[in-house]
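Residue-level listing of the chains:
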Amino acid sequence: MSRPKKTLFALLTITVGLACASTANASGPATHGRGPSSTLQARPASAATTEDPNLAPYPKRDVVLRLKGGGTVTDKPVPLDITGEGDRPERINLVQEALNASPGLDGGLRWDWKRSVLVVPLVGPMDGSAPVVEQVKSSVMAAAKGLTVEFQSVKYPRGELEELANRLFSTKDQWAPGLSGASGGWDPEANRVLVSVRNNSAQLGAWADRVKALNDSRVVFRSHAPKPSSGLQGRMDDFRPWAVGNWLSWSGVGHPPTPDNNDCTGGWAWRKWTTNVYLGSTAYHCVWDGVSAHLTWYAGEWQLAGKLYGTAVRTHKGTDSALLGIEGCQCYAPLVWVGDSWTEDLRVVAGLKTSWYIGQPVALSAVNSGLHVAHVKSTNWDEDGYSSVAMYEEVSLGGDSGGPWLTTMPGSGDVVAHGQHLGVSDDPTTGSLFIRLNDISEKHQASVLLYP
């Protein structure tokens with residue numbers, strides 16, 4: 001891939017976070033690919049214009065975006081609304097609010113994007129013989145203005161199956177001691193909890209026996225052929241404060257990113273609750289080298305020595321997350337690259353999403369695969385011990401690990417953060433996976449950094 005030419009900017013001086021300029025020479029020049037002399041100067045945290053500590057004390061967005069992005073006009077510009085959903089998620093949320101009044105009947109709505117139909121499963125008959133079901137159907141239709149609705153009769157409520165899936169996969173060592181390699185979770189289309197194991201696993205029979213021994217009609221067992229691309233799964237020349245979605249190189253020596261290298265993608269910026277320090281992030285499996293979890297990462301640049309991005313300062317295996325930092329520097333910003341590997345479309349991070357409906361479109365913007373939209377299949381999928389949100393489609397490549405899953409706001413194009421990329425499921429009916437940000441927040445006692 002040939003590298004696009006950059007448009008040089010005039011000298012701009014901005015004020016960002018706490019002082020980073022004093023450490024620039026130790027980890028890389030203050031002049032970077034997006035401008036001939038971009039200087040970062042100190043600004044005390046007290047200078048923030050908001051009392052919300054999760055809103056970073058940065059200058060106006062037009063200033064920072066002008067400095068860090070917009071250098072190349074691409075042939076395929078990234079639309080402001082990357083999923084094309086407009087206000088449909090808000091309308092579907094109104095339907096979910098109507099269902100919340102009757103949790104015992106809510107079978108778990110899902111958006112069928114192929115047919116543009118909102119499927120609403122309910123526990124009970126659909127023939128009009130159950131007044132309570134008819135009342136819920138009327139409430140749904142009153143809330144579903146502008147949406148095509150299809151009702152289905154199911155046996156079990158969503159909440160019951162989600163609770164069962166969470167309990168089963170968090171206690172596998174108790175009901176399936178010594179066994180490993182199973183994935184699964186609540187399957188909304190089957191209205192059951194799925195336990196899936198590779199058909200070439202030496203433990204296949206043992207898993208089948210353990211699931212049968214549960215004697216629970218809500219749980220189904222399935223074997224599957226392994227996918228060759230399954231597994232846990234680095235933009236190119238950013239400068240401090242680092243944006244989300246950068247290509248990270250553990251070696252510090254730049255080389256062209258490929259699906260076969262061992263690089264990863266920079267994740268969301270975080271604020272520690274106890275110290276108010278800003279930290280970057282990526283996946284735990286990116287920083288774990290089998291001995292320690294404190295590897296140093298660089299924002300690599302093709303054919304140019306890397307610039308220090310950060311060293312792992314906090315890790316948590318269960319959420320596959322690692323927070324990265326540089327001592328004495330608020331080096332991470334609530335800005336995210338949206339687009340392909342060479343994108344210069346930089347957006348501000350303005351919101352956070354921690355719940356989803358089945359079929360909801362969410363996009364991955366990572367360094368190797370670029371920008372792709374997928375649809376939520378399960379909100380509590382367990383993959384080899386990692387609790388994640390699973391997508392129907394497989395849209396990721398090696399090197400995307402740690403990268404951002406997101407949507408954008410219609411009109412402004414500002415980004416809403418959804419998750420951190422984990423990898424690809426081994427289950428053949430399940431695609432890419434991401435970790436919920438509220439789970440990472442709880443384990444690290446930190447909040448996603450937002451732009452004011």
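Above: the structure in question.
Residues numbered from 1 in each chain as written. Predicted model: local features only at pLDDT ≥ 70, side-chain atom pairs only at ≥ 80, totals over all residues. Heavy atoms only, no water.

## Focus: the pattern of salt bridges
Right, on to step 1. In this structure the tally under the stated criterion is 16 salt bridges.
Right, on to step 2. Arg158 is paired through a salt bridge with Asp106; the nearest N and O atoms lie 3.6 Å apart. Taken as a pair, Arg158 in helix H5 (residues 158-170) and Asp106 in the loop between helix H3 (88-100) and strand S3 (110-112) lie far apart in primary sequence, 52 residues in all.
Right, on to step 3. Since its relative accessible area comes to 23%, Arg158 is described here as partly exposed.
Right, on to step 4. Take Asp106: its relative accessible area is 2%, and that puts it in the buried class.
Right, on to step 5. As a salt-bridge pair, Arg158 and Glu162 come within 3.8 Å of each other at their nearest N and O atoms. Highlighted residues: Arg158 and Glu162, both in helix H5, separated by four residues, approximately one helical turn.
Right, on to step 6. Within the structure, one salt-bridge network assembled from shared partners comprises Asp106, Arg158 and Glu162. (Salt bridge = Lys/Arg side-chain N within 4 Å of Asp/Glu carboxyl O. Helix = DSSP H or I, 4+ residues; strand = E, 2+ residues; numbered from the N terminus. Buried < 20%, exposed > 50% of the residue type's maximum accessible area, 1.4 Å probe, protein only.)

## Concerning the pairing of strand S23 (residues 404-408)
Right, on to step 1. Among the five residues that make up S23, five are buried, leaving the element largely enclosed by the rest of the structure.
Right, on to step 2. Neither face of S23 is exposed, since Pro404, Leu406 and Thr408 on one face and Trp405 and Thr407 on the opposite face are all buried.
Right, on to step 3. Of the pairings in the sheet, the one linking S23 to strand S24 (residues 415-424) comprises five bridges and is antiparallel in character. When the bridges of S24 are listed, Trp405 appears paired with Gly419.
Right, on to step 4. Between S23 and S24, which pair antiparallel and follow one another directly, the connecting turn spans six residues, one of which, Gly411, has a positive phi of 95 degrees. (Pairing = 2+ DSSP bridges.)

## Comments concerning the nonpolar core
As a rule of thumb, nonpolar side chains are buried together in soluble globular proteins.
Right, on to step 1. Core analysis: the largest hydrophobic core is formed by 28 residues, its most contacted members being Val193, Met391 and Trp405.
Right, on to step 2. Of all elements in the fold, only H5, strand S7 (192-198), helix H7 (204-214), strand S20 (361-366), strand S21 (370-383) and strand S22 (386-391) reach the threshold of two or more residues within this core.
Right, on to step 3. Considering every element that reaches this core, the biggest residue donor is H5, with five residues.
Right, on to step 4. Core analysis: the next-biggest nonpolar cluster, separate from the first, contains 25 residues, Trp268, Val338, Leu422 and Ile435 among them. (Core = buried A, V, L, I, M, F, W, Y, C linked by side-chain atoms within 4.5 Å.)

## Thoughts on the side chain of Glu85
Right, on to step 1. Structurally, Glu85 can be placed in the loop between helix H2 (61-68) and H3.
Right, on to step 2. The buried category is assigned to Glu85, whose relative accessible area is 12%.
Right, on to step 3. In this view, Glu85 contacts Trp111, Tyr357 and Pro361; residues no more than four positions away in its chain are not counted. (Contact = heavy atoms within 4.5 Å.)

## Here's the deal with the sheet that holds strand S5 (residues 149-154)
Strands belonging to one sheet form pairs held by backbone hydrogen bonds; the direction of such a pair is parallel or antiparallel.
Right, on to step 1. Taken in spatial order, the three strands of this open sheet run S3-S4-S5, and their pairing is mixed. Each of the sheet's edge strands pairs with one partner strand only, and the pair in question is S3 and S5. Neighbour to neighbour, the strand axes of the sheet diverge by 35 degrees on average, direction disregarded.
Right, on to step 2. Pairing geometry for S3 and strand S4 (residues 117-123), over three bridges, is antiparallel. In the strand pairing of S4, Trp111 is matched with Leu118.
Right, on to step 3. Along the sheet face, H3 touches S3 and S4 and points at about 10 degrees away from the line of S4. (Axes fitted to C-alpha atoms, helices over the stretch in contact; angles between N-to-C directions.)

## Here we look at the state of the cysteines
Right, on to step 1. The tally for this structure, following the rule as stated, stands at two disulfides.
Right, on to step 2. A sulfur-sulfur distance of 2.0 Å marks the disulfide that ties Cys264 to Cys286. Of note, the bridge from Cys264 to Cys286 carries an S-S torsion of about -90 degrees and is left-handed in sense. Within this pair, whereas Cys264 is found in strand S12 (residues 264-265), its partner Cys286 is found in helix H8 (residues 284-287), the two being separated by 22 residues in sequence. The exposure classification of Cys264 matches that of Cys286, with both residues buried.
Right, on to step 3. Note on cysteine connectivity: Cys329 is disulfide-linked to Cys331, with sulfurs 1.9 Å apart. Taking the sign of the torsion about the S-S bond as the criterion, the disulfide between Cys329 and Cys331, at about 110 degrees, is right-handed.
Right, on to step 4. Classification of Cys329 as buried rests on a relative accessible area of 4%.
Right, on to step 5. Of the residues examined, Cys331 reaches a relative accessible area of 0% and is grouped as buried. (Disulfide = S-S within 2.5 Å.)

## Re the packing of aromatic side chains
Right, on to step 1. Enumeration over the complete set of coordinates arrives at six aromatic pairs.
Right, on to step 2. An angle of 55 degrees between the planes, with centres 5.2 Å apart, marks the rings of Trp113 and Tyr392 as tilted.
Right, on to step 3. The class of Trp113 is partly exposed, set by a relative accessible area of 25%.
Right, on to step 4. Aromatic side chains Tyr309 and Tyr332 sit 5.5 Å apart centroid to centroid with 75 degrees between the ring planes, which places their arrangement in the edge-to-face category. Here Tyr332 lies in strand S18 (residues 332-337) and Tyr309 lies in strand S16 (residues 304-316), a separation of 23 residues in the sequence.
Right, on to step 5. Note on Tyr332: relative accessible area 1%, which makes it buried.
Right, on to step 6. The lysine or arginine in question, Lys137, covers the ring of Phe151, its NZ or CZ lying 5.4 Å from the ring centre. (Phe/Tyr/Trp six-rings, centres within 6.5 Å; stacked < 30°, edge-to-face > 60°. Lys NZ or Arg CZ within 6 Å of the ring centre and 35° of its normal.)

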